[in-house]
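Chains, contacts and geometry: an overview
As a plain string of letters, each chain reads:
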Amino acid sequence: MSDQAIVVLCAVGSRDEAAGIAHALIEQRLAACVQMTPVESWYRWDGAVQHEPEAVLHIKTMRSRFAQLCETIEALHSYDVPEIVALPITDASPRYLNWVRQSVG
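Please read all numbers here as calculations on a predicted model, not as lab measurements.

Details of the packing of aromatic side chains
Enumeration over the complete set of coordinates arrives at one aromatic pair. Between Tyr-96 and Trp-99, the ring centres sit 5.7 Å apart and the planes meet at 40 degrees, which makes this aromatic pair tilted. Taken together, the positions of Tyr-96 and Trp-99, both in helix H3 (residues 94-104) and three residues apart, correspond to about one turn of that helix. Assessed through its relative accessible area of 29%, Tyr-96 is described here as partly exposed. For Trp-99, a relative accessible area of 36% corresponds to the partly exposed category.

Right, here's the structure in full:
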């Protein structure tokens, strides 16, 4: 369903990078809301275990905007392979879903 509301998760390397991506997504009407949470991440990269502070973006949008949202994030992101993961919103208040649709429409 192309009009399903989704939450997209995206880890970035700094608060400044998070702010730049968030601003671009809102400005281009690719997201209704972007929240940033500081986290610590452990992961394997280039054959070694890494541990870094990051910020995770929680991006509220519609499935129909996902491809363009990915392109925008990849153009602005500093990572070689940015995390861009979409999760369906299976239930939400009708008023909230309407707001998300109107914000990215």
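That covers the picture; the talk isn't over yet.
Here we look at the environment of Glu-17
Here Glu-17 lies in helix H1 (residues 15-27). In this structure the C-alpha to C-alpha distance between Glu-17 and Ser-78, which are 61 residues apart in sequence, comes to 8.1 Å. The residues contacting Glu-17, other than those within four sequence positions of it, are Val-12, Leu-76, His-77 and Ser-78.

What counts and how
Residues numbered from 1 in each chain as written. Predicted model: local features only at pLDDT ≥ 70, side-chain atom pairs only at ≥ 80, totals over all residues. Heavy atoms only, no water. Phe/Tyr/Trp six-rings, centres within 6.5 Å; stacked < 30°, edge-to-face > 60°. Helix = DSSP H or I, 4+ residues; strand = E, 2+ residues; numbered from the N terminus. Buried < 20%, exposed > 50% of the residue type's maximum accessible area, 1.4 Å probe, protein only. Contact = heavy atoms within 4.5 Å.

Shape descriptors only; they carry no functional weight alone.
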